[in-house]
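# Observations on the model geometry
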Amino acid sequence: MTGAAPKIRLATVWLDGCSGCHMSLLDTDERLIALASRVQVVWGPLVDAKEFPRDVDATLVEGAISSEEDLHRIKLVRSRTKLLISLGDCAITGNVPAMRNRFGAGAVLRRAYLENGTLDAQIPRDIVPALLPVARPVHEVVPVDVFVPGCPPSADLIFSVLSGLLEGKHSNPAAKFG
Ligand code: SF4
């Protein structure tokens, strides 16, 4: 007797992005339910877990690498993920987060917290993760296996990528979509 195929362990990570790419993932609507029998979501904004798990089959990454915390997280995610997927233009090119790059992190913090501050204006030192000098696309920091472009990528495109995963199409690290 043959048992059911093991589920793919899928994670989604939200770095410096607006959440629009995750919203597009949810826009796959009832097709997500069809995937649910073959996919186990082990990490993401709606998963209550303390630490990014080990042995993840595929991780969708939304957003650019903009802070020390993003840097730490993406390195951990990469070390625990077989297939890393850059989801959306912020992850692939820097896109919106990288619009600050020409001004420098110091000028951005001054603008946001001092010039626009109205009450006890000060730059936070402890709670907000330290900004990197520039926001960078994910593949400039760690190797990326699959690129899913768009701002956000369409739900159809995301679904086709996830379907391809289940069919074993994206085991080739050079796989790209567009
Ligand atoms: S690619 Fe577009 S939708 Fe996705 S996080 Fe960036 S700005 Fe938001």
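With 20 residues, the main nonpolar core has F52, I65, I74, L84 and V138 as its most contacted residues. When residues of this core are traced back to their parent elements, those giving at least two are β1 (8-14), β2 (39-43), β3 (56-62), α3 (68-79) and α4 (89-93). Considering every element that reaches this core, the biggest residue donor is α3, with three residues. With sequence-adjacent residues up to four places away left out, I65 is seen in contact with L15, D70, L71, I74, L132, V134, A135, R136, P137, V138 and V141. L10, V161, L165 and L166 belong to the second-largest nonpolar core, a separate cluster that totals 18 residues.

This paragraph deals with the pattern of salt bridges. A full pass over the atoms with the stated rule returns six salt bridges. The residue D156 makes a salt bridge to R31 at a minimum N-O spacing of 3.0 Å. A residue pair is termed long-range when its members are at least 10 positions apart, and D156 in helix α6 (residues 155-166) and R31 in helix α2 (residues 30-36) qualify at 125 residues. Ionic pairing is found between E140 and R136, a salt bridge with its closest N-O pair at 3.4 Å. Judged by relative accessible area, E140 falls into the partly exposed class, the value being 44%. Taking the relative accessible area as the measure of exposure, R136 reaches 32% and is therefore partly exposed.

Residues C151 and P152 are joined by a peptide bond in cis, for which omega reads -5 degrees. Here P152 shows up in the loop between β7 (146-148) and α6. A positive phi angle, close to 85 degrees, is found at S19, a residue other than glycine. If you trace the backbone, S19 turns up in the loop between β1 and α1 (20-26). The backbone phi angle of D120 is positive, close to 50 degrees, even though this residue is not glycine. Relative to the helices and strands, D120 is located in the loop between α5 (105-115) and β6 (131-136). What makes D120 exposed here is its relative accessible area of 62%.

So, on to the sheet that holds β2. Taken together, the five strands give an open sheet; going across it, the order is β2-β1-β3-β5-β7, and neighbouring strands pair in parallel fashion. Of all strands in the sheet, those with a lone pairing partner are β2 and β7, marking the two edges. Shown here is a sheet whose adjacent strand axes are inclined to one another by a mean of 25 degrees, direction ignored. Pairing of β1 with β2, which is carried by four bridges, proceeds in the parallel orientation.

Further remarks concern the environment of G88. If you trace the backbone, G88 turns up in the loop between β5 (81-87) and α4. We classify G88 as buried; its relative accessible area is 0%. Through-space distance from the C-alpha of G88 to that of G150 is 5.0 Å; in sequence the pair is 62 residues apart. Other than its neighbours up to four places away in sequence, G88 contacts C21, V148, G150 and P153.

What follows deals with α3. Taking 1.5 Å per residue as the helical rise, α3 with its twelve residues ought to reach 16 Å, and the 17 Å between its terminal C-alpha atoms agrees with that figure. D70, L71, I74, V77 and R78 are the residues of α3 that are buried. Buried residues of α3, seen end-on, are gathered within an arc of 135 degrees and therefore sit on one face of the element. Along α3, the residues that are exposed and aim more than 90 degrees away from the buried face are H72 and S79.

Considering the arrangement of structural elements, one finds P153 in the loop between β7 and α6. Note on P153: relative accessible area 0%, which makes it buried. C-alpha of P153 to C-alpha of L87: the two residues are 66 residues apart in sequence and 7.3 Å apart in space. Those residues in contact with P153 that lie beyond four places of it in its chain are C21, S24, L87, G88, V148 and I158.

Parameters and conventions
Residues numbered from 1 in each chain as written. Predicted model: local features only at pLDDT ≥ 70, side-chain atom pairs only at ≥ 80, totals over all residues. Heavy atoms only, no water. Core = buried A, V, L, I, M, F, W, Y, C linked by side-chain atoms within 4.5 Å. Buried < 20%, exposed > 50% of the residue type's maximum accessible area, 1.4 Å probe, protein only. Helix = DSSP H or I, 4+ residues; strand = E, 2+ residues; numbered from the N terminus. Contact = heavy atoms within 4.5 Å. Salt bridge = Lys/Arg side-chain N within 4 Å of Asp/Glu carboxyl O. Pairing = 2+ DSSP bridges. Axes fitted to C-alpha atoms, helices over the stretch in contact; angles between N-to-C directions. Expected span 1.5 Å × (residues − 1). Arc of directions from axis to C-beta.

Read these as geometric descriptors, not functional statements.
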